[in-house]
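# A structural walkthrough
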Amino acid sequence: MTDVTYEVRDRVMHVLLDGEDTLNSLTPTTVEQLDAMIDAAEADHSLRAVVIRGAGRKAFCVGMDITFLESCFGDPDGVFVPFITSYHATLKRLEALGIPVIAQVDGLARAGGFELILACDIVIAADDAKVGDVHVSFGVPSGGGASARAAHKLGDQRAKALMLTPTWLNGPQMVEWGLAIASHPYEELDAAVASFVGSMVGQSRPAMAITKRLINGVRTYGVDGALDHEITLFTQFAHDPNAGEGFRAFVEKRDPYWGDADVDSYR
């Protein structure tokens, strides 16, 4: 069984898929625990980022637990469809979370693990990571959102090349394909992620939440609609009493104080 554990350090929630013996595979319990983690991240307005990683050196996440998967095929309507539906909902919540979500990927990531990576905002990988979709290699299509998210992030041709063949990408290839922002030797990965996330901890959470929603909104609204959405949210934000804090802090040569604004009030 994979447990999802987390701890908060310096305004960053560090999430561990803690099932090294099963290569951090997914079960309904895993998804429930991911949902609980998102609840905690939404409630803690001091947070500025979430980092997700897998336990051990072998895998980030290999997708659905193989024993559970056998029961899914035995009862698609009673087991398979409910699980996929709940996983879709959880990944959508992860995308909508008002702070950046970073996937720290080393080892193997495939199928549902690949789908989890696609739902994160930023991916930083080990050079020797091994990431692929591989659903078709097992004779099934994707069920956790890979088709839509891979096409959006990678483009149609690369999404098809990755999902219709048994292609695996290492860290540098993930960067080349646009799946990761950076890759590093495994020994340097923790420090690289810490440095990247550290640049976020002093930022305004409402400003980051709005920016993330606006970028994600292009998929929903198209460019013209997203431009209108930006004006709407910026106008709403500008009326917040704390909106000018960053400017005032700059002028007064001091660190800004962001407080605990209700980030979910900006839609």
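Above this text sits the structure in question.
Notes on the structure in this doc start here. (Residues numbered from 1 in each chain as written. Predicted model: local features only at pLDDT ≥ 70, side-chain atom pairs only at ≥ 80, totals over all residues. Heavy atoms only, no water.)

Before going further, it helps to spend a moment on a nonpolar patch on the surface. Taken together, the side chains of Val218, Val223 and Leu227 present a nonpolar region at the surface, about 260 Å² in accessible area. Following the sequence through the fold, Val218 ends up in helix H9 (residues 205-238). Judged by its relative accessible area of 38%, Val218 falls in the partly exposed class. (Patch = residues over 30% accessible without salt bridge, like charges linked within 9 Å, V, L, I, M, F, W, Y side chains within 5 Å. Areas by Shrake-Rupley, 256 points an atom, 1.4 Å probe, with all protein chains shown as cover. Salt bridge = Lys/Arg side-chain N within 4 Å of Asp/Glu carboxyl O. Helix = DSSP H or I, 4+ residues; strand = E, 2+ residues; numbered from the N terminus. Buried < 20%, exposed > 50% of the residue type's maximum accessible area, 1.4 Å probe, protein only.)

Turning next to the sheet that holds strand E2 (residues 12-18). Spatial ordering of the open sheet is given by E1-E2-E3-E5-E7-E9, a layout of 6 strands whose pairing is mixed. Among the strands making up the open sheet, the edge pair consists of strand E1 (3-9) and strand E9 (182-184). The mean inter-strand angle of the sheet, taken between neighbouring strand axes irrespective of direction, is 20 degrees. Summarising the sheet, E1 and E2 pair through 7 bridges and their orientation is antiparallel. If you follow Tyr6 over to E2, its bridge partner there is Val15. (Pairing = 2+ DSSP bridges. Axes fitted to C-alpha atoms, helices over the stretch in contact; angles between N-to-C directions.)

Using the criterion set out here, one finds 1 aromatic pair in the structure. Sitting over the ring of Tyr186, Arg57 keeps its end group 3.7 Å from the ring centre. For Lys130, the ring lying beneath its charged end belongs to Trp168, and the centroid distance is 4.9 Å. (Phe/Tyr/Trp six-rings, centres within 6.5 Å; stacked < 30°, edge-to-face > 60°. Lys NZ or Arg CZ within 6 Å of the ring centre and 35° of its normal.)

Among all positions of helix H6 (residues 156-163), only Ala159, Leu162 and Met163 are buried. One side of H6 holds all its buried residues, which, seen down the axis, span an arc of 85 degrees. (Arc of directions from axis to C-beta.)

Here 3 strands make up an open sheet; going across it, the order is E4-E6-E8 and the pairing parallel. Here the strands that pair on one side only, and so sit at the sheet edges, are strand E4 (59-61) and strand E8 (130-132). Direction aside, the axes of adjacent strands within the sheet are offset by 15 degrees on average. Bridge count between E4 and strand E6 (residues 108-110): 2 bridges; the pairing is parallel. Within E6, the residue paired with Ala59 across the bridge is Leu108. Docked against the sheet, helix H4 (residues 112-119) engages E4, E6 and E8, running at close to 90 degrees with respect to E6. (Contact = heavy atoms within 4.5 Å.)

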